[in-house]
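Spelled out, the chains give:
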Amino acid sequence: MIRLEGVTRRYGDELAVDDLSLEVAEGEVCVLIGPSGCGKTTTLRMINRLIEPSGGSIMVNGRNVMSMRPEELRRGLGYVIQSIGLFPHLSVERNIGVVPHLLGWDKQRMAERARELLHLVGLDPEVYLGKYPRQLSGGEAQRVGVARALAADPPVLLMDEPFGAVDPLNRERLQAEFARIQRELHKTVLFVTHDIDEAIRLADKVAIMRDGRLQQFASPEEVLNHPANKFVHDFVGADRALKRLVRVRVEDVMRSPAIVQEGSEELAFRVAAGRRRFVYVIDAAGKLVGWMDTADLEPDMDPAEALTRVDPAQASVRSDASLRDALSRMLGLGFRAIAVTDDKCRLVGEVTFAAVEEAMTEGDEHITNIAEEDAG
Amino acid sequence: MSRRRTIAIAVTVAGALAFVWLINATALWEFALRALFPTLRDVLMPRDTLATFVLQHLALVGTSSVLTIAVGVPLGIWVTRRSGAEFRSLVVAGTDLGQTFPPVAVLALAMPVLGFGFWPTIMALFIYGLFPVVSATIAGIEAVPRSVVEAGVGMGMSSSQVLMRAELPLASRVIVSGIRTSVAINIGTATVGAAIGTGGLGVPIIGGLAVQNMAYVLEGAIPAALLAVLADSILAQVESAVTVAEG
């Protein structure tokens, strides 16, 4: 747990951070966000005492950081920075082992931990343990950076724009992986970014800062639905409704689709469709094969003729994707509904445009459900 | 170790052995110099053997280089620390001046205090060779990416751990190349020591100039040049040995 009370940092006459109080509960991700120069990075760096506060108190897991030796404090806080700062003269394995080495772990324990962590961040240990930082891509290097921060299993992680220098595609991937890792590890995380989409995607709580002062400290839903002032309103942007969709997972709004197994009789399609026009077709393993428009069905024809075959990877969304992903896929394909599949391309549901619209306008109900689920 | 490294080391060792053989091959020197200068009565300086001159020279260069490194590297490190940062420009300017100041002048100035012989020459060489070592140490440490230092501190390394585990390993190559320059300069400059009776390869050179015996000059100059090349290639091996693996 991290608690800041009345924290101030002065540079000459300027207040970089002005009377800031906030609390990050155990296992929660708090995203500090604001325009550059708002004091968010200064705040983060005061927690591990890379910058000394001018006033106020900072508690980490019940201990005042000012009462600890800076080195001892920092070894207990995972730290990830945008520029990563891997040691170029050490292999990936030894980079991950930096903090364990400082803590005096034995060799075997460090080696095991490095393997475990590479697995966790999605890199094959056989391939990556012996590599040097120069041989890694930006995304791989940042994964190693995250693994290094997690090495000694610190309960608290400080992340300073960790994905800021990665290209947009890789950034989304890293964000998704971070969310997955966080669901597994439940670290207490303070995360600095200037990317509001990143904040909404990852945060349990968002702290919006401006000129050293806290503007709003609330859940992403609250910030989107009830911005505290004009600054927050403008900062969040005009597409708040769209942003809200990022917080809703497909599996929470999908409905059960009309399904028929491939090779069935025409009658079976009509029965399955009921009042719906489209029927999804699956194979024996449950994998999505395509769909059929019942309007095309004629008596006595082979139903296979009316089947539209699709590539499940292209024409469906994963159940853990966000509604925004579903919407953009629908718009891209020009569909009014889209199939939902699991990680093995098996059909599990369907999301309709109407459901997206509903979530956009009165989505609060779904959102609360998700928030509760995440908390549990 | 790569094949290229093995070959480079083998060549250096062979060169060193050849050098040792050459400076002891008095008959060869006598024959070659006599062929070049048939009119001269003596072609090898009678005062001492060539091997003795080389050993004296090595003592001069070795002592001054050890001193230069022992003072220059810590000095360079110190001015990159917070405690020494304000002395950085002073140290750079001072060592730079040391190199601009002619060693002969240092000898002349040091003699009244230190007398004739070994130590004034050592002092002149030390002052002259300090600049490349200090400036390379500073350059090497300052070239270490800031993010690496920041990450080290942020992970809980003390400043000496950051220095020993990140900054020095990453700067070592540049530092050794500074030492290489310094040693090469010293080998040539050490010949001036003969002017105040220090011995070394300067003895035949300066003696030869005084009595207009070009054979003596060559007896000193050729081994000095070979020694410089040899020392440089030995240090080149050191340099690639300390160059950290970066894939």
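Residue numbers here run from 1 along each chain, matching the order of that chain's written sequence. Chain letters start at A and ligand numbers start at 1, both assigned in the order the entries are written. Residues qualify for local features only when their pLDDT is at least 70, as the model is predicted, and side-chain atom pairs are given and counted only at 80 or more; totals for whole chains, interfaces and linings, by contrast, use all residues. With hydrogens and water stripped out, all remaining heavy atoms of the structure feed into the side-chain values.

**So, the pairing of strand β3 (residues 29-33) of chain A**
Residue and element names in this part refer to chain A.
Stage number 1. Only protein chains enter the accessibility calculation, which uses a 1.4 Å probe. A residue is then buried if its area is under 20% of the maximum for its type, exposed if over 50%, and partly exposed in between. Helix and strand assignments follow DSSP, with helices taken as H or I runs no shorter than four residues and strands as E runs no shorter than two, numbered in order from the N terminus. With five of five residues buried, β3 is to be regarded as a mostly interior element.
Stage number 2. Residues of β3 alternate between two faces, with Val29, Val31 and Ile33 on one and Cys30 and Leu32 on the opposite face, all of them buried.
Stage number 3. Alignment of β3 against strand β8 (residues 188-193), held across five bridges, turns out to be parallel. Bridged to Leu32 within β8 is Val192.
Stage number 4. Two strands are counted as paired when DSSP detects at least two bridges linking them. The pairing of β3 with strand β9 (residues 205-210) spans four bridges and is classified as parallel.

**Regarding the side chain of Asp342 of chain A**
All names here are of chain A.
Stage number 1. Tracing the chain through its elements places Asp342 in the loop between β16 (337-341) and β17 (347-352).
Stage number 2. Judged by relative accessible area, which is 15%, Asp342 ranks as buried.
Stage number 3. Two N or O atoms count as a polar contact when they lie within 3.5 Å, although within protein this holds only if one can serve as hydrogen donor and the other as acceptor, and sequence-adjacent residues are included solely when both atoms are side-chain atoms. Among the polar contacts made by the side chain of Asp342, one reaches the main-chain amide nitrogen of Arg346 at a distance of 2.9 Å.
Stage number 4. Contacts were defined at the residue level, with two residues in contact if any of their heavy atoms lie within 4.5 Å. Not counting residues within four places of it along the chain, the set of residues in contact with Asp342 comprises Arg318, Ser319 and Val348.

**Some words on the nonpolar core**
Stage number 1. In plain words, nonpolar cores are sets of buried Ala, Val, Leu, Ile, Met, Phe, Trp, Tyr and Cys residues tied together by side-chain atoms within 4.5 Å. In this structure, Ile96, Leu118, Val144, Met159, Phe178 and Phe191 of chain A are the most contacted members of the largest nonpolar core, which totals 47 residues.
Stage number 2. Broken down by element, this core gets its largest block of residues, six residues, from helix α7 (residues 138-150) of chain A.
Stage number 3. With residues up to four places along the chain from it excluded, the contact list for Leu118 of chain A reads Val92, Ile96, Leu123, Pro125, Tyr128, Leu129 and Val144 of chain A.
Stage number 4. Judged by nonpolar contacts, the second largest core, of 37 residues, contains Leu44, Leu50, Val133 and Leu163 of chain B.

**Focus on the packing of aromatic side chains**
All names here are of chain A.
Stage number 1. Note on aromatic contacts: the rings of Phe and Tyr and the six-membered ring of Trp form a pair at centre separations within 6.5 Å, being stacked when their planes are under 30 degrees apart, edge-to-face when over 60 apart, and tilted otherwise. A complete count under the given rule lists seven aromatic pairs over all chains for this structure.
Stage number 2. Through pairs of rings, three or more aromatic residues link up here, namely Phe163, Phe178 and Phe191.
Stage number 3. Two thresholds decide whether a charge sits over a ring: the Lys NZ or Arg CZ must be within 6 Å of the ring centre and within 35 degrees of the ring normal. Directly above the ring of Tyr11 sits Arg9, whose terminal nitrogen or CZ lies 4.3 Å from the centroid.
Stage number 4. Between Arg109 and the ring centre of Trp105, over which it is positioned, the NZ or CZ distance is 3.6 Å.

**Details of the layout of surface pockets**
Stage number 1. Its volume calculated, the second largest pocket comes out at about 760 Å³.
Stage number 2. Cavities and pockets were defined on a 1 Å grid built over protein atoms only: a cavity is a set of grid points that admits a 1.4 Å probe from which the probe cannot escape, a pocket is an open set flanked by protein on both sides within 12 Å along at least five of seven lines, and lining residues are those with an atom within 4 Å of any such point. Lining the second largest pocket are 22 residues, with Arg81, Arg82, Val149, Val153 and Ser159 of chain B positioned closest to its centre.
Stage number 3. Broken down by secondary-structure element, the contributors of at least two residues to the lining of the second largest pocket are α2 (70-75) of chain A together with α6 (118-142), α7 (146-154) and α8 (159-189) of chain B.
Stage number 4. Take the lining of the second largest pocket: its biggest share by element is four residues, from α7 of chain B.
Stage number 5. When its residues are assigned to classes, the lining of the second largest pocket shows nine nonpolar, three polar and 10 charged. Grid points are joined across faces, edges and corners, and a volume is the space filled by probe spheres set on the points. In this count, Pro and Cys sit with the nonpolar residues alongside Ala, Val, Leu, Ile, Met, Phe, Trp and Tyr, while Asp, Glu, Lys and Arg are called charged and the others, Gly among them, polar.

**Comments concerning empty space enclosed by the protein**
Stage number 1. The full count for this structure, using the stated rule, is four cavities of 30 Å³ or more.
Stage number 2. Roughly 60 Å³ of volume is contained in the largest cavity.
Stage number 3. In terms of lining, the largest cavity is formed by Val121, Arg143, Val146, Phe163, Leu174, Glu177, Phe178 and Ile181 of chain A.
Stage number 4. Elements represented by at least two residues in the lining of the largest cavity include exactly α7 and α8 (168-185) of chain A.
Stage number 5. The leading source of residues in the lining of the largest cavity is α8 of chain A, at four residues.
Stage number 6. The calculated volume of the second largest cavity comes to roughly 50 Å³.
Stage number 7. Arg74, Arg75, Leu77, Gly78, Tyr79, Val99, Arg148, Ala149, Ala152 and Pro154 of chain A together with Met155 of chain B are the residues that line the second largest cavity.

**Some points on the domain arrangement of chain A**
Stage number 1. An automatic or database domain assignment supplies the start and end points of every domain. Domain annotation for chain A reports domain 1 (2-236) and domain 2 (251-359).
Stage number 2. Distance between the C-alpha centres of domain 1 of chain A and domain 2 of chain A: 41 Å.

**Looking at α6 of chain B**
Stage number 1. The end-to-end C-alpha distance of α6 of chain B, which contains 25 residues, comes to 36 Å, matching closely the 36 Å that a straight helix rising 1.5 Å per residue would cover.
Stage number 2. Two axes enter the definition of the bend at a residue: one is fitted to the seven residues ending there, the other to the seven starting there, and the bend is the angle between them. Along its length, α6 of chain B reaches its greatest deviation from straightness, about 35°, at Leu130 of chain B, and the proline Pro132 of chain B lies no more than four positions downstream. Expected span of a helix: the number of residues minus one, times 1.5 Å.

**Quick look at the confidence of the model for chain A**
Stage number 1. What pLDDT reports is the predictor's confidence in each residue, on a scale of 0 through 100. Averaged over all residues, the pLDDT of chain A equals 88, while 96% of them reach at least 70.
Stage number 2. Residue range residues 363-376 of chain A is modelled with pLDDT below 50. Its contacts to residues more than four positions away, or to other chains, number 17 contacts.

**Overview of the interface of chain A and chain B**
Stage number 1. With 23 residues of chain A at the contact, the number on the chain B side is 20 residues.
Stage number 2. Across the chain A to chain B interface the summed buried area is about 1900 Å²; carbon plus sulfur atoms make up 64%.
Stage number 3. The term salt bridge refers to a pairing of a side-chain nitrogen on Lys or Arg with a carboxyl oxygen on Asp or Glu at a separation within 4 Å. Taken together, the links from chain A to chain B amount to one salt bridge.
Stage number 4. The closest approach of N and O atoms between Glu150 of chain B and Arg45 of chain A, which form a salt bridge, is 2.6 Å.
Stage number 5. There are five residue pairs in polar contact (both at pLDDT 80 or more) connecting chain A and chain B.
Stage number 6. Those elements that place two or more of their residues in the side of chain A that touches chain B are α2, β6 (77-81) and α4 (98-102) of chain A.
Stage number 7. Looking at the side of chain A that touches chain B element by element, the count peaks at four residues for α4 of chain A.
Stage number 8. In the side of chain A that touches chain B, the residues fall into 11 nonpolar, six polar and six charged. Values labelled buried area give the accessible surface lost by two parts on being combined, using a 1.4 Å probe and summing over both.

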